[in-house]
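# Analysis of the macromolecular model
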Amino acid sequence: MLWDQKVLYATLSDIGLRRRNNQDSFCVQMCSEQEVWEKYGHIFIVADGMGGHAVGELASKMAVDNIPLTFFKSRAEPLSNALKEAIEHANAAIYKRGSENRDFNRMGTTCVVLVLSPRGALFGHVGDSRAYRVRSDRIEQLTFDHSLQWELERQGRIKKNDVYLSEVKHVITRSLGPEPVVEAEMDGPHPVMPNDRFLLCSDGLTGNISDSEIGMIVRELPPEESARLLVHLANLRGGSDNTTVIVVQAGDLPGCPTPAEPISAPKRRHRGASLLWFFLAFASLGGGIALFSEGFRVYAFGAFVTALLLLIIAVLSLRSQPDHDPIGDADEGDATVDHHPYRIASARTTKEFMANLAQMELELRKMAHEESWAIDWEVHGKIIIAAKSALDRRVASLAMSELGKAIDLLMTGFHAHRKKLKQQKRDAADGDGSGG
């Protein structure tokens, strides 16, 4: 990345529909000076607190406060060591606070951190809050969940569709705070391409929305719109947990007047073509040996030459098509390398998803009419006309944007209506109490 390469971002944290308090926290610190950016970089953090009332909130808040403070003061090199040091220092601070108060005992939080610097995109994390990258037409999870499910899957003890999955799905194996020492996991630095989009999120999002759906939304919409639609979708599918998202988009390189052509991440290449050349070479060699044994030496010589040429082609093909993405050596420090993602899904927008989004908006609209939510129906009508037009023209980004605006308008009315009903219940309860 370059200092004058524009970075767009949006943040949103929502309590959800079933929780009494929001235990998530987030933080963004953009460098205002080039010298600081070149040494450290912009930092983005999402933390998901765990514990009883107020305990999780405190733990996540301490994480997002402590990590940047320690990170920007660190002299450790490479940068990954500075970030690791900052996360583990936050763990020590949270553990100390928890051990001083019985009510805060074993309080904890997950955290996921993104640093954008000249070296690329560096991630540090503890727990199951995630980091994704959306590039071209795919979404990649760049962090490993520190959960019992993922650990057992890695060890081959369970499979993704295992009947016991529900028992281990939400068990966290690593977090900040409960223990005096924790190992923060580092990923990257990853190369950053123009128009790369990164998502940091708590499990309130990933528990309700698939990777592919997340990829479609982040790919098609600008950060602010995608953040709102992701949170709304998580709530519309139950809102069982707090949901926090940070969407970050890398801009064009300086001097590029038009958006750069999307660049796909390095793809795993296969050796099928090389194997075919090897097969033909050995087949020709075998034919030459057979001809030589029968006395057809001239034809045998031609077959041997052909085999040699095919063998040369096979070797050159194999050398030009490696079967893995380039991975840096352990001693490369801050050199930007391309690491394998932990999971990959398509981010290409599908008709099914757009149809589901349109159906969701329609059902929400019906509910708004039935319950008399306060909606500006004139504005809503114009948005729907624009959405239908975009759908007819198959312009995915515009159609999703307009449907997102319609859902946002309706969800604003929904939350206002819900708040009004709660207030009426409180007023009624107060009235009954005074009358008794």
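So, a few notes on the structure that sits alongside this text. (Residues numbered from 1 in each chain as written. Predicted model: local features only at pLDDT ≥ 70, side-chain atom pairs only at ≥ 80, totals over all residues. Heavy atoms only, no water.)

### A word on unusual backbone geometry
Generally, phi is negative for residues other than glycine and the peptide bonds are trans, each holding for most cases. Quick note on the threshold: For the purposes of this entry, the term helix denotes a DSSP run of H or I that reaches at least four residues, the term strand denotes a run of E that reaches at least two, and both are numbered from the N terminus.
Residue Pro-78 follows Glu-77 across a cis peptide bond; omega there is -5°. You can see Pro-78 is positioned in the loop between helix H2 (55-71) and helix H3 (79-100). Positive phi values are uncommon outside glycine, yet Ser-136 reaches one of about 55°. The residue Asn-195 is not glycine, and still its phi comes out positive at about 75°. Relative to the elements of secondary structure, Asn-195 occurs in the loop between strand E8 (185-190) and strand E9 (197-201).

### A look at a positive patch on the surface
Going by this rule: Each patch is built from residues that are more than 30% exposed by relative accessible area and take part in no salt bridge. Like charges join if they lie within 9 Å; nonpolar side chains (Val, Leu, Ile, Met, Phe, Trp, Tyr) join within 5 Å. Accessible surface area values rest on a Shrake-Rupley calculation with a 1.4 Å probe, where residue burial reflects the displayed protein chains alone. Think of a salt bridge as a Lys or Arg side-chain nitrogen and an Asp or Glu carboxyl oxygen that are within 4 Å of each other. Counted charges follow a simple rule, with Lys and Arg positive, Asp and Glu negative, and His plus the chain ends left uncounted. Where a charge lies is defined by one atom per residue type: Lys uses NZ, Arg uses CZ, Asp uses CG and Glu uses CD. Residue exposure (1.4 Å probe, protein chains only): buried if accessible area is under 20% of the type maximum, exposed if over 50%, otherwise partly exposed.
Taken together, the side chains of Lys-419, Lys-422, Lys-425 and Arg-426 present a region of like positive charge at the surface. Locating Lys-422 in the fold gives a position in helix H13 (residues 396-435). On the basis of relative accessible area, Lys-422 is assigned to the partly exposed category, the value being 42%.

### What about the pattern of salt bridges?
On inspection of all chains with the given rule, the structure shows 19 salt bridges. Residues Arg-138 and Glu-140 are paired through a salt bridge, measuring 2.7 Å at the closest nitrogen-oxygen approach. The same class applies to Arg-138 as to Glu-140, namely buried. Residues participating in the shared-partner salt-bridge network are Arg-130, Asp-145, Asp-211 and Arg-343.

### Overview of the nonpolar core
Note the cut-off: To form a nonpolar core, buried Ala, Val, Leu, Ile, Met, Phe, Trp, Tyr and Cys residues must be joined to one another through side-chain atoms within 4.5 Å. We call two residues contacting when some pair of their heavy atoms lies within 4.5 Å.
Core analysis: the largest hydrophobic core is formed by 40 residues, its most contacted members being Leu-199, Leu-205, Ile-214, Ile-217, Leu-230, Phe-353 and Met-400. Among the elements of the structure, strand E6 (130-135), E9, helix H7 (211-220), helix H8 (223-236), strand E10 (243-250), helix H11 (351-371), helix H12 (377-392) and H13 are those that each provide at least two residues to this core. The element contributing the most residues to this core is H13, with 7 residues. The contact partners of Met-400, leaving out residues within four places of it in the chain, are Met-216, Ile-217, Glu-220, Leu-221, Leu-229, Thr-349, Phe-353, Met-354 and Leu-357. Counting residues in each nonpolar core, the second largest holds 30 residues, with Val-64, Ile-67, Leu-79 and Val-182 among its members.

### Describing the sheet that holds strand E4 (residues 108-117)
Where we set the bar: In this analysis, strands are considered paired if DSSP registers two or more bridges between them. Here the axes come from fitting lines to C-alpha atoms, over the contacting stretch only for helices, and the angles between their N-to-C directions go from 0 to 180 degrees.
With antiparallel pairing, the 5 strands of this open sheet are ordered in space as E2-E3-E4-E5-E8. Strands at the two margins of the open sheet, each flanked by one partner only, are strand E2 (24-29) and E8. Neighbour to neighbour, the strand axes of the sheet diverge by 10° on average, direction disregarded. Note that E4 and strand E5 (residues 120-126) share 7 bridges and pair antiparallel. By the bridge assignment, Leu-114 is partnered in E5 with Phe-123. Lying on the sheet, H2 is in contact with E2, strand E3 (42-50) and E4; it crosses E3 at an angle near 160°. Helix-sheet contacts for H3 involve E4, E5 and E8, and the interaxial angle to E5 is about 25°.

### Observations concerning the packing of aromatic side chains
What counts, and what does not: Stacked, tilted and edge-to-face are the three classes assigned to paired rings of Phe, Tyr and Trp, where Trp is represented by its six-membered ring and a pair needs centres within 6.5 Å; plane angles under 30 degrees give stacked, over 60 edge-to-face, the rest tilted.
Applying the stated criterion across every chain, the model contains 8 aromatic pairs. Both rings, one in Tyr-9 and one in Phe-44, keep their centres 5.9 Å apart while their planes meet at 70°; by these two values the pair is edge-to-face. Taken together, the residues span a long stretch of sequence, with Tyr-9 in strand E1 (residues 7-14) and Phe-44 in strand E3 at a distance of 35 residues. Since its relative accessible area comes to 39%, Tyr-9 is described here as partly exposed. Plain terms: the ring middles of Trp-373 and Phe-414 are 5.4 Å apart, the flat faces sit at 55° to each other, and that makes the pair tilted. You can see Trp-373 sitting in the loop between H11 and H12 and its partner Phe-414 sitting in helix H13, a full 41 residues away along the chain.

Read these as geometric descriptors, not functional statements.
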